[in-house]
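In case you want the letters, here they are:
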Amino acid sequence: MHSRDCVKVAVRVRPFNKRERDAGSRCVISMAASSITIHDPRQSQCSRSFCFDYAYWSHSGFIQDHNGLYMPEEVGGRYADQDCVFHDLGEGILENALQGYNATLLAYGQTGSGKSYSMVGYRPNKGLVPKLCERLFEAIKGNQDTRQCQVFFSMLEIYNEQVVDLLSRSSRPPGGLRVREEQHRGFYVEGLRTVPCDSAAQVEQLMEQGTRTRTTAATHTNANSSRSHMLIVLQLKQIFSKESISKQSNINLVDLAGSERQKSLGSEADRLKEGTAINLSLTTLGNVISALADMAVGKKVVHVPYRDSVLTKMLQSALGGNSRTVMIATLSPADICYEESLSTLRYAERAKHIQNRPVVNESPTERLVKELKAENARLMQRLSRLGQEGRSANDETKEIRQLLTHNELQIRTIHTLWEQHLQEALKDWEQQYANITQERRMMQMHPYILNINEDAQLSGVVKLFIQEGEWDVGLCDNTSTSITIKGLGIQQRHAVMRNEQRRVMLTPLKGSKVTVNGRAVGEMTELHHLDRLILGSNCTYLYIGFPSERGADDWIYYDYDYFLSELAAAEGIHLGQTSAGCCKTDPSLLAVFYDYIKLMPLVAEANQMSQELNKGVEFKLEIKNLVLSDSKGHDLEKYIVCRVISKPSKQVWIWSKAKFVNRKFLMEEIYQQHLAELKGEHREEGLSTAALPRDKDPFWDPVEPLLLGTAHLWLQSLAFRIPLDEQLEVLGSEGSEEAIIQAKLLPCSSTGMPLGEDDILIDPSELLGRRLDVQLVLEQCFGLCWIREDRSRGVQIGFRLFDSSVPFYTPAVWHSVIPALHHKVHFASRQVSQRLLDYLQSSALLLELWGLQEGCSILVSPLEGSKGTTEGVFFIEGDGTTNNNPTVSALLNSSMAEFQKEMEELKRVNKLLMKENQSLRGQLNMGKNGTTSARSRSVRPSCDAEFARSLKLFYHSMTSVRAQLQSLRRQRPGESCDLLSLRLFVDEQSGLLKDFSEHLEATVSALKRDVAAIVRRKRERWGSWS
Ligand SMILES: Nc1ncnc2c1ncn2[C@@H]1O[C@H](COP(=O)(O)OP(=O)(O)OP(=O)(O)O)[C@@H](O)[C@H]1O
Ligand SMILES: [Mg+2]
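Residues numbered from 1 in each chain as written. Chains lettered and ligands numbered in written order. Predicted model: local features only at pLDDT ≥ 70, side-chain atom pairs only at ≥ 80, totals over all residues. Heavy atoms only, no water.

## With respect to the confidence of the model for the chain
And step 1. Averaged over every residue, the pLDDT of the chain is 81; residues scoring 70 or more account for 82%.
And step 2. Across residues 878-897, where pLDDT falls below 50, the model places 27 contacts with residues more than four positions away in sequence or in other chains. (pLDDT = per-residue confidence, 0-100. Contact = heavy atoms within 4.5 Å.)

This is the structure in structure tokens:
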């Protein structure tokens, strides 16, 4: 009988990292016992709570001792250190393994949330794996008299669905190792090296070796280790000779890839989907967990997709199978990580429902030994019987003797195999130990460069020594005078390093990229202890000076982030240190900044690959401001896009961040293939890079219209039926002026005749329930930068009316910097609702300027061809159907029903209000002048007209006031922000502010003056009102 066992789930929250501290981040996680609550930083009253088997508070309340060990501030404090986590999770795993159960420990969480810290740890804060190994070998020693134990260790990585053996001594097979399936064994990796170990030190040694392989693979193939899964498998065999039983258990320890969800901002759906293999394993893991969680709550699940990815094949027994499984979900406490942390918690919540069916395993080999022994016993009996019968010399006896020897031999081989393997492993281990000792000695004698990786686990693994003399640095294969560095953009001979008279000089060679402390260098430069070097597009190293210059562990401070921030600062992008303490930076701005610096090296790599593959494509990061796409002009989020420019054709694409990351991944694959081709190797599959068809080329896309910028045409004056004639500035995503559009909004009659001044309304609510007709005229564009850059291009303007999901487009115009558009649209509402009125009073019509390029299709509105109604009027709301186009009708139908309801309600309210209004007016007239109601009717329109005129003036002035405000908002100090330019900027800003306030004041007082004059005139005509 299988016993059922739920997956145990623990969550752990780490301290703020430097970046988060600098940004003044707030902690959005709180914990009480095993329950955890996450607070939405945008809505403080909004929070979600979860309950797990364990919740670890490792965020605060700790101190670091002189060795760097983290521990609770006070005895019994709430801080959960590595020991505490091991006590709850590791001990259980160990206990299970000793009992003969398979056990699995998974770490899940976003990049940098502390998965590797919990699993592997950073010395001296050892994580679960080394602690588990220590305790395992202690337990083995302690139980020596009752059982004989054998431990086999293997370590592998899954990257892009390929399995890499991290302990393998032979070269990497193309396509990685195969995952096979056998009936009694399940899935296993064919040819994976399993190393016998008999001490924790040996295991640690092997882990170091594995990490080294991972590091070199990551730098050479330009892979991102955060996207790979690392698996350690410990096989424990226990032979209880007295009881003649044996137990075998597999302990899987899994450090999963960072779990970032890719936000799909803008138009996603990449033409090339293959890049999703980056996260295929993680996505499939999510699907498997969901399916199993559904199964556990009694939902019908047809299929659990274990076979869809390598990782889930490997974890089949851990999830819903024969294993006791624990998941540790790690969280960043910071407000900017809220979305990711919430998603991690949801994931963990699902995982805790999974039920496994663990059993104690008996090893098939041991069963064989038992069976062989039993058979031998039987054979011996038979032999002695034959002897007693006096037939000891016949054929049967001979055959039995042969069988007996064969069986004995088999038994002996099974037992000696372990010993032999162990001896070999020991030799290997000794060799490596000697290498390490040698490396330590060198560290004490020479300066060296140390690799710094995005994944902190892989930092500081590679040390390249600069001994006295002159050294070629580059791809150059290990000659006696070279230091080999591999990576993107590294040349055969990249630079020269000279160690002479206790000074180290670095000289970049022609055409090679070298950055020291964030600045590109082209000439001989002296290196100083802790200088940051970037060679090629992204090989990051820290220079460690002569032993006399060093302090204890002083390099720890220089992590990958430090390198990137330094580069960003050199590009004029500052944040972090400068804003720390003085004011709190907007979290959305911070998120964009971090995105930017994270993407910078990727862009450098993509540019390098494009260059080496002769693609002629250039990549550039841009920060887009969503304020430009908001019809209320609110200052919304900013986000990053990548502008892609084909240099020969001048074609331009804009890719979202997610698309760029996806494409970058595909570019790497093509690039690796290219390198293999250069070396004359043939990849198993895939096309030659030279003959790559366009539709498979990650550097290429069909050209599409590009959104160049937007302009806001404010609608407020329409609520008063005041015509508007404006020159609108079209602003690009970075605030630059892309063009001017001349646009008019003309209130008109249902037949399109312009309204006069007498039709201007004083009270917009008079529009409610009445028909409103307006013509939008887009006259002309001026100063089109897009076309000035390249005359072969064209433009179109797109806009959406009210809440219609269907856009309108002007016809395309090509080749002209000042194209005439003369585009007129008549739109109407049969009965203006409160919602429409609110919209008119508070929103703008967003005019989108679209850039067309040669070969791209033009934008066509789904409404094209159907002329709305017979009169060519487009109804933006009301009960009339907008058009006969079925797709549009479908889009509008659902909202129509809603409108209808709302309209009915409004009509009812309106009727009541009108009635009330009439009676009030009657009373007022009676009170004012008992006799001349006819006279008042004749005077009112002329007073109204005067008032309307002054309102019209007011709104015209307000439009330019608003434009002033917008330009004030956009003003930013220049990039080279020295004190003088800052002072100039502040002066200019105060000048603009002064103009703005004067203009505003003049506008308001003009209105006040006009109103006062109207009132005065009224009084003169009617005498006193009171
Ligand atoms: N509980 C903790 N206490 C102190 N420091 C921590 C803790 N957890 C994580 N850190 C620190 O945070 C940084 C990132 O942690 P770690 O490398 O474990 O992240 P990760 O989840 O493995 O990221 P990746 O997905 O990139 O591999 C490291 O410098 C680590 O020292
Ligand atoms: Mg990690």
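## Some details on the sheet that holds strand E21 (residues 448-451)
And step 1. Across the sheet, six strands lie side by side as E22-E21-E31-E30-E27-E28; this open sheet has antiparallel pairing. Edge positions in the sheet fall to strand E22 (463-465) and strand E28 (519-520), since each of these pairs with one other strand and no more.
And step 2. Strand direction decides the pairing type here: strand E27 (residues 514-516) and strand E30 (residues 532-535), joined by three bridges, are antiparallel. From the neighbouring strand, Val516 faces E30, where its bridge partner is Leu533.
And step 3. Where helix H11 (residues 560-570) meets the sheet, its contacts fall on E27, E28, E30 and strand E31 (539-544), and the angle it forms with E30 comes to roughly 80 degrees. (Pairing = 2+ DSSP bridges. Helix = DSSP H or I, 4+ residues; strand = E, 2+ residues; numbered from the N terminus. Axes fitted to C-alpha atoms, helices over the stretch in contact; angles between N-to-C directions.)

## A closer look at the site of ligand 1
And step 1. As a matter of local geometry, ligand 1 sits amid 17 residues, with Gly112, Lys115, Tyr117, Tyr122 and Ser226 nearest to it.
And step 2. Between ligand 1 and Ser113, the relevant distance is 3.2 Å, taken from an oxygen atom to a main-chain nitrogen or oxygen of the residue.
And step 3. Starting from 630 Å² of accessible surface for ligand 1 in isolation, the protein chains cover 84%.
And step 4. It is helix H3 (residues 115-119) that contributes the most residues to the shell around ligand 1, three residues altogether. (Near = heavy atom within 4 Å. Polar contact = N/O pair within 3.5 Å; in protein donor to acceptor, adjacent residues only side chain to side chain. Areas by Shrake-Rupley, 256 points an atom, 1.4 Å probe, with all protein chains shown as cover.)

## Points about empty space enclosed by the protein
And step 1. In total, this model carries five cavities of 30 Å³ or more according to the counting rule given.
And step 2. Considered as a void within the structure, the second largest cavity measures approximately 100 Å³ in volume.
And step 3. Among the secondary structure elements, those contributing two or more residues to the lining of the second largest cavity are strand E38 (772-782), strand E42 (820-829) and helix H15 (834-842).
And step 4. The class makeup of the residues in the lining of the second largest cavity is 13 nonpolar, one polar and no charged. (1 Å grid on protein atoms, 1.4 Å probe; cavity = no way out; pocket = protein on both sides within 12 Å on 5 of 7 lines; lining within 4 Å. Points joined across faces, edges and corners; volume = space filled by probe spheres on them. Nonpolar A, V, L, I, M, F, W, Y, C, P; charged D, E, K, R; others polar.)

## A look at the sheet that holds strand E26 (residues 503-508)
And step 1. With mixed pairing, the five strands of this open sheet are ordered in space as E24-E23-E25-E26-E29. With one partner strand each, in any of the chains shown, strand E24 (482-484) and strand E29 (525-527) form the two edges of the open sheet. Taken over all neighbouring pairs, the strand axes of this sheet differ in orientation by 30 degrees on average, direction set aside.
And step 2. Pairing of strand E23 (residues 469-474) with E24, which is carried by three bridges, proceeds in the parallel orientation. What sits directly across from Val473, in E24, is Ile483.

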